[in-house]
Amino acid sequence: MSIRRLPEKLVNRIAAGEVVERPAAALKELVENAIDARATRISVRIAEGGISRLEVEDDGCGMTAADMALALERHATSKLPDDAIEDVTTLGFRGEALPSIASVARLTLESRIAGGDGWRRVVDNGTVIAEGPAALAKGTRVVVEDLFARVPARRKFLRSGRSEYAACLDVVKRLAMARPDVGFTVEHDGRRVLDVQGGQDQLSRVAALTQRDLAANSIGVDIDRGEVHLGGVISLPTYNRGIADHQYLFVNGRPVKDRLLVGALRGAYADLLARDRHPVVALFLDVPTSEVDVNVHPAKTEVRFRDPQLVRGMIVGGLRRALDEHGFRSVQRPAEAALAAWQQEPVAPQPPVPTLFAAHLPYPHAPATHLFGAEDDPATLALLRDRVVDFAPPRDALPMGRAEAATAPVPGGEAHPLGIARGQIARTYIVAEAEDGLVIVDQHAAHERLVLEQLRRGMGGQAVPSQGLLLPEVVELDEPACDRLEAAAAQLAALGVELERFGPAAVMVRATPAMLGAIDCRKLVTDIADDLAGYDAALGLSEKLELVAATMACHGSVRAGRTLSVAEMNALLRTMEVTPHSGQCNHGRPTWVKLAMDDVEKLFGRK
């Protein structure tokens, strides 16, 4: 078969398959164009998840009729004034979006520059079918209708309208988060679902696009290393989600989904969250354009760094330091659902007072009004006092209480934010009184974290002591895994794991970290090999040891069900206040919660 040059329409459809895989991808390109046009307000209208209609309107610089014709040609763009593609600073630069979309849908492009006349151009699946004057304000309006209507092979792979709408909304949220100076509105099937004003600060914009209570449960990040800057907000480990849909990563203002950045984020929270929980973050990484390549993916959602280790180390180290500085913090306020569980029980009608004492009074049928009234003589009252003693309930019916009194005064809020212990509930939860509210501590979860932090301090700054095995253990793995372990043997020895190659598909383990005690060597070495494969270096090894140590800390901590003295409870509170990450256990659950005095008063109807 001879080689032939593909026709222009087919070339555009092939390009559309790379750039416009679904309505959200088309919407992303259109909104990026609006941002690059220096728009201050962008309006998005979606119908049926964007499958039947997408509309993007902005108040940017606009285009002339001649520029509109060029914009619909492949690889025609105003965003590259010269050939230095490595110095691109705009979101778009390929010049493929509009012609690619127009080749698989009906596209209507209307635009007007300041002081000029508006113009309209309509392209239906690659063919110009109409053009002429248009009435609109300065800016551009793009309407995309019936996406993939004439490409059934692509149309059938689209998801439901609801799923496509969710993807479209996520795209707009990410772009809106990157540009808090620009206002955005989104309407879906005539209903406004998003409206954020321009000119917001970064934290306010992030909170408006994620969850309002993020601001009270987040930590600010502001780190500089040379010409690289990392900023944004990260959630407390106790403020997490079951899926990673609230992780927003940006490089030079460009939303990306980069494996290196996601892996670094996971490393920063390695021993603070369970593996099935994910933090809420919005991180903005600014690097010189010469240090990052954004031209590695048609949709520009992936980047490549010149020094990936610098970037990863900066994220892991920077986030770790930020989390360490807020070590004992937890989600400050109980969830609304938890507060709603506190209900005022209906007060049952009280029985008449005489029925309680009737059998023991000298006058069993005396009226209730005479029980303590003026007609009761002193002899009757004395007899009553003697008889009341007989009504003490049996000893086994008394609620179990603490014999030791907790009378210490409440300490200052800044020095001791967890307050002073007042008691213990169910031999599991410590109740403390703080200056500004009521604190409840899970003693097992709290002590589990304290033990783990002690183990971590033993690992930092020096080689981990190893413990030789009486009988070396042979672990069988596939040959590539053995190669990676053999190459990293020196690094592993510094962390207490001594092993050597034992044939083509096995390694022999001679020693393991002494701090881990008796462990499953086979499982540890297998996990190390998986980490080396995942990161292509021993970057995840120390994190893995901390995860194993977390299991050890769980078994060595104060168990739920153990009665603590007031002195022990206060010692636990004081240690938590000075220990990093004591606000959450090793699995990311909070170790303490605070019920503010305002909430307590609301429960009793005082406010």
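Thresholds, definitions, all that
- Residues numbered from 1 in each chain as written.
- Predicted model: local features only at pLDDT ≥ 70, side-chain atom pairs only at ≥ 80, totals over all residues.
- Heavy atoms only, no water.
- Helix = DSSP H or I, 4+ residues; strand = E, 2+ residues; numbered from the N terminus.
- Areas by Shrake-Rupley, 256 points an atom, 1.4 Å probe, with all protein chains shown as cover.
- Pairing = 2+ DSSP bridges.
- Axes fitted to C-alpha atoms, helices over the stretch in contact; angles between N-to-C directions.
- Contact = heavy atoms within 4.5 Å.
- Phe/Tyr/Trp six-rings, centres within 6.5 Å; stacked < 30°, edge-to-face > 60°.
- Buried < 20%, exposed > 50% of the residue type's maximum accessible area, 1.4 Å probe, protein only.
- Parallel < 35°, antiparallel > 145°, perpendicular 65-115°, else oblique.
- Left-handed = near helix turned anticlockwise from the far one by under 90°.
- Nonpolar A, V, L, I, M, F, W, Y, C, P; charged D, E, K, R; others polar.
- Expected span 1.5 Å × (residues − 1).
- Core = buried A, V, L, I, M, F, W, Y, C linked by side-chain atoms within 4.5 Å.
- Arc of directions from axis to C-beta.
- Polar contact = N/O pair within 3.5 Å; in protein donor to acceptor, adjacent residues only side chain to side chain.
- Salt bridge = Lys/Arg side-chain N within 4 Å of Asp/Glu carboxyl O.

A.B. asks: In this structure, what is going on with the overall build of the protein? I would like to understand it.
C.D. replies: Across its full length, the protein holds 19 helices and 24 strands. Carbon and sulfur atoms form 54% of the exposed surface of the protein, whose accessible area is close to 30900 Å².

A.B. asks: Whenever I open this one, the sheet that holds strand β1 (residues 41–47) confuses me. Can you help?
C.D. replies: Within a beta sheet, neighbouring strands are joined by backbone hydrogen bonds and run either parallel or antiparallel to one another. The mixed open sheet is built from 8 strands, whose spatial order is β5-β4-β3-β6-β2-β1-β7-β8. Both edges of this open sheet fall to β5 (127–133) and β8 (191–196), since each of them pairs with a single strand only. Each neighbouring strand pair of the sheet contributes to a mean axis angle of 10°, computed without reference to strand direction. The pairing of strand β7 (residues 183–188) with β8 spans 5 bridges and is classified as antiparallel. Of the residues in β8, the one forming a bridge with F184 is V196. Set on the sheet, helix α2 (residues 23–36) makes contact with β1, β2 (53–58), β6 (139–145) and β7; between it and β2 the angle comes to about 10°. Along the sheet, helix α6 (residues 161–178) makes contact with β1, β2, β7 and β8, crossing β7 at roughly 175°.

A.B. asks: How should the packing of aromatic side chains be read in this particular structure?
C.D. replies: Two numbers describe a pair of aromatic rings. These are the distance of the centres and the angle of the planes. In the structure shown here, the tally under the stated rule is 1 aromatic pair. Ring centres 4.6 Å apart and planes at 5° place the aromatic pair F250 and F284 in the stacked group. On the criterion of sequence distance, the pair formed by F250 in strand β12 (residues 247–251) and F284 in strand β15 (residues 281–286) is long-range, its members being 34 residues apart. F250 gets classed as buried once you look at its relative accessible area, which sits at 2%.

A.B. asks: Explain the packing of α6 against helix α7 (residues 202–209) here, please?
C.D. replies: For any two helices packed against each other, the geometry comes down to the angle between their axes and how far apart the axes lie. At a minimum axis distance of 9 Å, the contact between α6 and α7 shows a crossing angle of 170°. The pairing of α6 with α7 is recorded here as roughly antiparallel in orientation. Our pair here, α6 against α7, has a crossing hand that is right-handed. Contact residues: K173, A176 and M177 in α6; R205, V206 and L209 in α7. Its residues assigned to classes, the contact of α6 with α7 shows 4 nonpolar, no polar and 2 charged.

A.B. asks: How do you make sense of the sheet that holds β12 when you look at a structure like this?
C.D. replies: Judged by pairing direction, the sheet is mixed, and its 5 strands sit side by side in the order β9-β10-β15-β12-β13 without closing on themselves. Lying at the two open borders of the sheet, with one neighbouring strand each, are β9 (218–225) and β13 (254–256). Within the sheet, the average angular offset between the axes of one strand and its neighbour, ignoring direction, is 20°. The strands touched by helix α9 (residues 308–325) are β9, β10 (228–235) and β15; relative to β9, the strand with the most contacts, the crossing angle is about 135°.

A.B. asks: Quick question: what am I supposed to make of α2 here?
C.D. replies: Compared with an ideal rise of 1.5 Å per residue, which puts 14 residues at 20 Å, α2 spans 20 Å between its outermost C-alpha atoms and is within 8% of the ideal. Once α2 ends, the next one or two residues include R38, with phi positive near 65°.

A.B. asks: Help me understand the nonpolar core in this model?
C.D. replies: A general tendency of soluble globular proteins is for nonpolar side chains to be buried together. Core analysis: the largest hydrophobic core is formed by 59 residues, its most contacted members being L27, V31, I42, V44, L107, V144 and F184. No other element matches the 10 residues that α6 contributes to this core. Not counting residues up to four positions away in its chain, the partners in contact with V144 are L30, S52, R53, L54, I101, A105, R106 and L107. Counting 33 residues, the second-largest nonpolar core is a separate cluster that includes L249, A264, L285 and V303.

A.B. asks: Would you take a moment to explain the pairing of β9 for this structure?
C.D. replies: Each regular strand displays side chains that alternate between the two surfaces of the sheet. As paired elements, β9 and β10 share 8 bridges and run antiparallel to each other. If you follow D224 over to β10, its bridge partner there is H229.

A.B. asks: I would appreciate a short explanation of helix α14 (residues 479–487) in the present structure.
C.D. replies: Given 3.6 residues per turn, any residue in an α-helix points the same way as the ones three and four places further on. Every buried residue of α14 is accounted for by A481, C482 and L485. The arc that holds the buried residues of α14, viewed along the axis, is 100°, so those residues lie on one side. Two to three positions downstream of the cap, the backbone nitrogen of A481 sits 2.9 Å from a side-chain oxygen, assigning the N-cap of α14 to D478.

A.B. asks: Can you walk me through the pattern of salt bridges in this structure?
C.D. replies: Pairing is possible between side chains that carry opposite charge, provided their charged atoms lie close to one another. Taken as a whole and assessed by the stated rule, the structure comprises 26 salt bridges. Note that R510 and E500 form a salt bridge whose closest N and O atoms lie 3.1 Å from each other. Taken together, the residues span a long stretch of sequence, with R510 in strand β23 (residues 506–513) and E500 in strand β22 (residues 498–501) at a distance of 10 residues. Since its relative accessible area comes to 36%, R510 is described here as partly exposed.

A.B. asks: Looking at this structure, I do not really get the packing of α2 against α6. What am I missing?
C.D. replies: The geometry of α2 relative to α6 is characterised by a closest axis approach of 9 Å and an angle of 25° between their N-to-C directions. When the axis of α2 is compared with that of α6, the two are roughly parallel. When you trace α2 past α6, the crossing you get is right-handed. Together, P23, A24, L27, K28, V31, E32 and I35 of α2 and E164, A167, C168, V171, V172 and L175 of α6 make up the contact between the two elements. Split into classes, the residues belonging to the contact of α2 with α6 amount to 10 nonpolar, no polar and 3 charged.

A.B. asks: Would you take a moment to explain unusual backbone geometry for this structure?
C.D. replies: Among all residues save glycine, negative phi is the norm, and among peptide bonds the norm is trans. A positive phi is found at E48, a non-glycine position, where the angle reads about 55°. On the secondary structure map, E48 appears in the loop between β1 and β2. The phi torsion at A426 lies on the positive side, around 55°, for a residue other than glycine.

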